[in-house]
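Structural characterization, general
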Amino acid sequence: MLDDRSTLSPVMALLAARQPGHTLPAELYTSRAAFDADCATIFGRHWIAVGVACDVAEAGDVMAVDIGPASILILRDDDDALRAFHNVCSHRGARLVPPGRSVVGKLVCPYHQWTYDLDGALALAPHMGVDFARDLHHLKPVALRDVGGILYACLSDDPPADIAELAAVMEPRLAPYDLRNAKIAFEQDVIEEGNWKLTMENNRECYHCASNHPQLSLSFHAADFGYDPANLTETERAEANGLLDAYARHGAIWDAQGLPHAAVEHTVGWPTNFRTQRLIIAGLGESQTPDTRAAVGVPLGDTDRPGMGDVHLWGINSWNHVMSDHAVIFTAFPVAPDRTLVRTRWLVNRDAVEGEDYDLENLTAVWKQTNAEDAHLVALAHRGAMSPGYRPGPYSRFTERALDEFATWYVSRMTAGSGA
Amino acid sequence: MLDDRSTLSPVMALLAARQPGHTLPAELYTSRAAFDADCATIFGRHWIAVGVACDVAEAGDVMAVDIGPASILILRDDDDALRAFHNVCSHRGARLVPPGRSVVGKLVCPYHQWTYDLDGALALAPHMGVDFARDLHHLKPVALRDVGGILYACLSDDPPADIAELAAVMEPRLAPYDLRNAKIAFEQDVIEEGNWKLTMENNRECYHCASNHPQLSLSFHAADFGYDPANLTETERAEANGLLDAYARHGAIWDAQGLPHAAVEHTVGWPTNFRTQRLIIAGLGESQTPDTRAAVGVPLGDTDRPGMGDVHLWGINSWNHVMSDHAVIFTAFPVAPDRTLVRTRWLVNRDAVEGEDYDLENLTAVWKQTNAEDAHLVALAHRGAMSPGYRPGPYSRFTERALDEFATWYVSRMTAGSGA
Amino acid sequence: MLDDRSTLSPVMALLAARQPGHTLPAELYTSRAAFDADCATIFGRHWIAVGVACDVAEAGDVMAVDIGPASILILRDDDDALRAFHNVCSHRGARLVPPGRSVVGKLVCPYHQWTYDLDGALALAPHMGVDFARDLHHLKPVALRDVGGILYACLSDDPPADIAELAAVMEPRLAPYDLRNAKIAFEQDVIEEGNWKLTMENNRECYHCASNHPQLSLSFHAADFGYDPANLTETERAEANGLLDAYARHGAIWDAQGLPHAAVEHTVGWPTNFRTQRLIIAGLGESQTPDTRAAVGVPLGDTDRPGMGDVHLWGINSWNHVMSDHAVIFTAFPVAPDRTLVRTRWLVNRDAVEGEDYDLENLTAVWKQTNAEDAHLVALAHRGAMSPGYRPGPYSRFTERALDEFATWYVSRMTAGSGA
């Protein structure tokens, strides 16, 4: 983009100005130049969560996803393989498939009927002459990986190789849930009025949970995300110690069941940022629902045993909670410097029947409410960053360590990305 | 504009990067810098179609037209002469006349009642003192030409001289239709969600007609706009040859009737880009209506004979179809990099009475529907150009030659314009 | 802001290009770069009117005010002192208090419950560790002055010292009205679709009143704002001379009553631009109401005598009319290059009871209508400035002297501000 080039140096200066342990300089959250650079570098050269395998369950299913200014299409071809391409006709650049999901035999551009096979080959280009080299005009492919049923795409021609590390860690953890064969019970789009990095920061801490997420807190242990050990009330200390004990007990059971549970973190130094850990669900321990019981009568995959907890997975633009009865898959996409799309999918066993095996309102209540609460907080933070009164503030080393690492990772990736 | 100066070099680089035979580099369609440069150079220094003489039929009629950031007013003065001025008071810059059409005795600024005669002279400026030199503050005139009833304005103080060529070609072709004395039966504004050049490209080919304009195709021969001769079905070949035969027959009749019909093209090398040709109307051959019959019982001007076809005229920002019973006059104005106003006027004999001599819905049906279909296509193309997956694509040498020439003309005019 | 730095030179060039006696170059009204520079320099380094003391009448009352991209909070602390701070939490930058007015015990950030005393001290920061230096993270204070009950804030750490001059002139003039103890009977927000400087220019002349403000003109002498003495009708001359006589008569009475009335102007050469004068109210002379009679039965402060007129006060972003029965306080805030918020407060004696002592519609009618009329005019002027047909126009030396001085003041302050 034109704007990128003219403002590259100021963005570099802002990145260089970031102080460890502190939030980013304001313009990295608010300026158009930083937004364009984020789209080009973070969303243009990294593995970005884009959906789930069951978005395109059958051969011929296709889904369009916007990643910043880019639009890609993800499809399942006639051999049941997943593929992704830029959603741009090679002729006049028209969008090939409309927003959302559709079903196709071939990909036919609505503008002039240029027609592509599901492997992206240009099969038909009317009126282009007998000498037209169709093979120079196939669809531009986009790298796509299915990691345990969660889809990651990379717009770069040279995608980071460490997606293999993500797959190695997550495939065994996700395998019991068989997400590839789940179904989407509900999908929700929310626009948060803030920069995508504020959306991600907000998600990477539970420091704000106690006073902002009363319903989520019923099934969520905020202490999982850190606390200041020197400033606990007696009650809090008892709870914190109780949780440590619970992890010791559950850990032994999970080990016995062959369920990986230890935290794995790839942040600074890894292009493909992720963190996973098996969490204990609070309350009755079954699911993130208003009563903390399972919302779905038919379990996901091969998970029909108690106490499997929540396989929690953070990524560059995603967060996920995979539980025995359902999974909640969140993806975040930059729309503008001050607007971020958060798309939430609730996955259940594909044999579960709404109204019989689950009540949709009960299934979705906790995260619908939590999403609304988070959108409010992200907007407050963005408006603050717009102000000349904003100064980068200190992260808690107890409850916001993950944000500090995310910011450090971001700065290092942006610096590396621009130097490439 | 500030932005022009700081981004002139990048726009020049984009213009230089354009490959012959291909669509433009993406940012020429999408960036604010290219949009501002287009407004300054294409819309600021060329003859732009702005309306029709019968927009201001009577002395004192005035119409405001926005051309990008400029607003001009077009009026008919007390001697029935057409004039145009910037729609900007010389005092504090307020808009003199409101959007659309009005009727005035003099032009009175609503802010402080500065009052101008219809020749633009400042007649009254209250409280400016006895020594105030009113003659230094007359309205700033805008060059205006009436070509067969179609109005062209040029914002430059040095308008291209080749408007005389357009007039020489078009006056005899338009004379029988007497558009200057027609009336506007209907006017429609549509915002297309795409760059103005995508609007113009879309209009300059009928490659997309078969699959997108089912109703227009009843009265329109897509083959008029080219085809790949090596890839026709037998049916298509028979139709194409039949059309060639029809042009031979009609041409002889048109010659006998003294009706010019041959194509005239002024594109690369001419500031005032236009193309005209007399087209055969398909179907029953009378008019671009759902049943291809004339929509109006009273013919335009002196055209009461069958088979006069369609005087088709393309311009920089306009396209026109002038038929015996009615004319459709299209003008396109840039609103934003991704927004273009398309204003369509349906002209009929001023003596024709709605409900008696014509049914408004029947008159306007084909192009209302076609405009809606085109707006959708232009939006698809613009969204594609926004994507990092966009690459300039190849034009068909058979069906998109006119687009290639338009792009070449555009690049040459922008380069010439900025060097001036 | 990033944009400031990259476009500083163009703004300086525009400032240097301004011709005395003429409106500003167009881009100073319309460009994003000039807007950002205005926010940084005019609204960032000068005393800006932000409200009234009775906005926060009781200890614990707090009000948020946006000044361009900045948000500040104004509160009354437990010792009844007025204070202002940036409305930005020192932790993650979230907005501390919501838009408008609220009541607090302490300032608690909704995000993570960081808690500040009303003097801005950080009292509580959970989970930050025992060694956390809270005193480094107090709220950032904003300079605040109460001048006769009207509040002025300055975002700079080095506020202009000449606020003392404003206070010295205005305190005795405003004292009889006791605005500090008034109450807000009504508040109205209007967005004007124009640059803030066009809003201020529009307010600083009454050249446009006769033809645009029929209702205001009943209680307002446009002649107070100048006229061309050589071009009056006999009637106008008689009126103008009558007004001069009236000022002589009223001046003697005001002198006798100890009511200051002479005009005081601080414009070019003073950072804190203001003008004040006691004006005669037209018609029956009591108040700016539809019938020019007092709207409120209980007078403001100690003003229970006839003929005190209108203490008129202009500021950088404000205008005010303080009358015996009520005061109208206007503040204008930049929202975007082409959008300005005008906030109007009608103040009455706090003991006056709506429906008994005053009718709200009668109280607010004149300025509600006038505000709507002015918003229309400002939009016309802004649209004109957007046009390439705009040229800086001449101010009347009789009726627009104050605008010329405002423009000159603006250029000098912007030049000084950027050199600092």
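Residues numbered from 1 in each chain as written. Chains lettered and ligands numbered in written order. Predicted model: local features only at pLDDT ≥ 70, side-chain atom pairs only at ≥ 80, totals over all residues. Heavy atoms only, no water.

1. Regarding the pattern of salt bridges
All names here are of chain A. One pass over the full model with this rule turns up 72 salt bridges over all chains. A salt bridge links E265 to R275, with the nearest nitrogen and oxygen atoms 2.7 Å apart. Within this pair, whereas E265 is found in strand β12 (residues 264-266), its partner R275 is found in strand β13 (residues 274-279), the two being separated by 10 residues in sequence. Since its relative accessible area comes to 31%, E265 is described here as partly exposed. One salt-bridge network, in which partners are shared between bridges, spans D55, R101, E187 and R345. (Salt bridge = Lys/Arg side-chain N within 4 Å of Asp/Glu carboxyl O. Helix = DSSP H or I, 4+ residues; strand = E, 2+ residues; numbered from the N terminus. Buried < 20%, exposed > 50% of the residue type's maximum accessible area, 1.4 Å probe, protein only.)

2. Focus on the interface of chain B and chain A
Reports often express the size of an interface as the amount of accessible area lost when the parts come together. Each side of the interface is counted separately: chain B has 38 residues, and chain A has 29 residues. Buried surface at the junction of chain B and chain A, both sides included, amounts to about 2700 Å², of which 59% is carbon and sulfur. Contact with chain A buries area across many residues of chain B, yet Y207, L380 and P394 of chain B alone supply 22% of it, more than any other trio. Linking chain B with chain A are 5 salt bridges. A salt bridge links R92 of chain A to E201 of chain B, with the shortest nitrogen-to-oxygen separation between them at 3.6 Å. For the interface between chain B and chain A, the tally reads 17 residue pairs in polar contact (both at pLDDT 80 or more). (Contact = heavy atoms within 4.5 Å. Buried area = accessible area lost by both parts, 1.4 Å probe. Polar contact = N/O pair within 3.5 Å; in protein donor to acceptor, adjacent residues only side chain to side chain.)

3. Here we look at the confidence of the model for chain A
Residues and elements named next belong to chain A. On average, residues of chain A score 95 in pLDDT, and 97% of them reach the 70 mark or higher. Here residues 1-7 scores under 50 on pLDDT; set against residues more than four positions off or in separate chains, the count is 12 contacts. At the level of chain-chain contacts, confidence expressed as ipTM amounts to 0.94, with global pTM at 0.94. (pLDDT = per-residue confidence, 0-100.)

4. Here we look at unusual backbone geometry
All names here are of chain A. At D80, a residue that is not glycine, the phi angle is positive and equals roughly 70°. The topology assignment puts D80 in the loop between β3 (70-76) and β4 (82-86). The backbone of D178 sits at a positive phi, close to 45°, despite the residue not being glycine. Looking at where D178 falls in the secondary structure, it is placed in the loop between α4 (163-174) and β11 (182-192).

5. Comments concerning the pairing of strand β2 (residues 61-67) of chain A
Residues and elements named next belong to chain A. Burial analysis of β2 places 6 of its 7 residues in the buried class, which makes it a mostly covered element. Note: β2 against strand β5 (residues 100-103), 4 bridges, orientation antiparallel. In the strand pairing of β5, D61 is matched with V103. The pairing of β2 with β3 spans 6 bridges and is antiparallel. The residue bridging M63 from the neighbouring strand is I74, located in β3. If you look at the hairpin formed by β2 and β3, you'll find 2 residues sitting between the two strands, and G68 has a positive phi there, around 60°. (Pairing = 2+ DSSP bridges.)

6. Topic: the sheet that holds strand β6 (residues 107-108) of chain C
Residues and elements named next belong to chain C. Taken together, 3 strands build an open sheet; the order of strands is β6-β7-β8 and the sheet is antiparallel. Two strands bound the open sheet, and with one partner strand each, they are β6 and β8 (122-124). Of the pairings in the sheet, the one linking strand β7 (residues 115-116) to β8 comprises 2 bridges and is antiparallel in character. Considered in β8, the bridge of T115 is made with L124.

7. Details of the layout of surface pockets
Size it by volume and the second largest pocket reaches roughly 960 Å³. Lining the second largest pocket we find 34 residues, and of these A222, Y227, L232 and E236 of chain A together with H127 of chain C sit closest to its centre. Broken down by secondary-structure element, the contributors of at least two residues to the lining of the second largest pocket are α6 (209-212) and α7 (234-256) of chain A. Per-class residue counts for the lining of the second largest pocket are 18 nonpolar, 12 polar and 4 charged. (1 Å grid on protein atoms, 1.4 Å probe; cavity = no way out; pocket = protein on both sides within 12 Å on 5 of 7 lines; lining within 4 Å. Points joined across faces, edges and corners; volume = space filled by probe spheres on them. Nonpolar A, V, L, I, M, F, W, Y, C, P; charged D, E, K, R; others polar.)

8. Remarks on the relation of the copies chain A and chain C
Overlaying chain A on chain C yields an RMSD of 0.1 Å, the required transformation being a rotation through 120° with an accompanying axial translation of 0.1 Å. Here the copies are linked by what is in effect a three-fold axis. (Least-squares fit on C-alpha atoms with pLDDT ≥ 70 in both.)

9. Considering the environment of Y152 of chain C
Residue and element names in this part refer to chain C. Take Y152: it is sitting in strand β10 (residues 150-154). Given a relative accessible area of 5%, Y152 falls into the buried group. Taking C-alpha positions, Y152 is 9.9 Å from A53, a pair spaced 99 residues apart along the chain. Non-local contacts of Y152, meaning those with residues more than four positions away in its chain, are made with W47, I48, A49, V50, A143, L144, R145, V147, I163, L166 and L313.

10. Notes on the state of the cysteines
Residues and elements named next belong to chain A. Taken as a whole and judged by the stated rule, the model has 3 disulfides over all chains. In this model, C206 is linked to C209 through a disulfide, with the two sulfur atoms separated by 1.9 Å. Sign of the S-S torsion, about -105° for the bond between C206 and C209, identifies this disulfide as left-handed. For the pair formed by C206 and C209, the shared burial category is buried. (Disulfide = S-S within 2.5 Å.)

11. A few points about the domain arrangement of chain A
Residue and element names in this part refer to chain A. With domains assigned, chain A is organised as domain 1 (48-159) and domain 2 (177-417). Distance from the C-alpha centre of domain 1 to the C-alpha centre of domain 2: 31 Å. Contacts between the two partners involve 20 residues from domain 1, matched on the other side by 17 residues from domain 2. The junction of domain 1 with domain 2 conceals about 1400 Å² of combined surface from both sides, 61% of it contributed by carbon and sulfur atoms. Contact with domain 2 buries surface across domain 1, with A49, C54 and I150 losing the most and accounting together for 32% of the total. The tally of links between domain 1 and domain 2 comes to 3 salt bridges. Here R180 makes a salt bridge to D146, at a shortest N to O gap of 2.7 Å. Linking domain 1 with domain 2 are 4 residue pairs in polar contact (both at pLDDT 80 or more), by the criterion used here. Put simply, the parts of the chain that give the side of domain 1 that touches domain 2 at least two residues each are β1 (48-52), β2, β9 (143-147) and β10 (150-154). Tallying contributions element by element places β1 first for the side of domain 1 that touches domain 2, with 5 residues. Here the side of domain 1 that touches domain 2 is built from residues that sort into 12 nonpolar, 4 polar and 4 charged. (Domains from an automatic or database assignment.)

12. Observations concerning the packing of aromatic side chains
The final tally for this structure, using the stated rule, is 31 aromatic pairs over all chains. Ring geometry for F220 of chain A and F225 of chain A: centres 5.6 Å apart, planes at 10°, overall stacked. Considered together, F220 of chain A and F225 of chain A belong to a single accessibility category, that of buried residues. Consider the rings of F186 of chain B and W346 of chain B, whose centres lie 5.7 Å apart with planes at 50°: the pair is tilted. In this pair, F186 of chain B sits in strand β11 (residues 182-192) while W346 of chain B sits in strand β17 (residues 339-349), placing the two residues 160 residues apart along the sequence. By way of ring pairs, the aromatic residues F43, W196, F406, W409 and Y410 of chain A are connected into one cluster. (Phe/Tyr/Trp six-rings, centres within 6.5 Å; stacked < 30°, edge-to-face > 60°.)

13. A short note on the side chain of S90 of chain B
As for its position among the elements, S90 of chain B is in the loop between β4 (82-86) and β5 (100-103). Among the polar contacts made by the side chain of S90 of chain B, one reaches the main-chain carbonyl oxygen of H137 of chain B at a distance of 2.9 Å. From its side chain, S90 of chain B meets the backbone oxygen of H138 of chain B in a polar contact 3.3 Å long. When near neighbours in sequence (up to four residues on either side) are disregarded, S90 of chain B contacts W114, Y116, H137, H138 and L139 of chain B together with G393 and P394 of chain C.

14. So, the pairing of strand β1 (residues 48-52) of chain B
Regular strands show a simple pattern: their side chains alternate between the two faces of the sheet. Residues and elements named next belong to chain B. Of all 5 residues in β1, 5 are buried; the element is thus mostly enclosed. Where β1 meets strand β10 (residues 150-154), 4 bridges bridge the pair, whose relative direction is antiparallel. Opposite G51, over in β10, you have L151 as the bridge partner.

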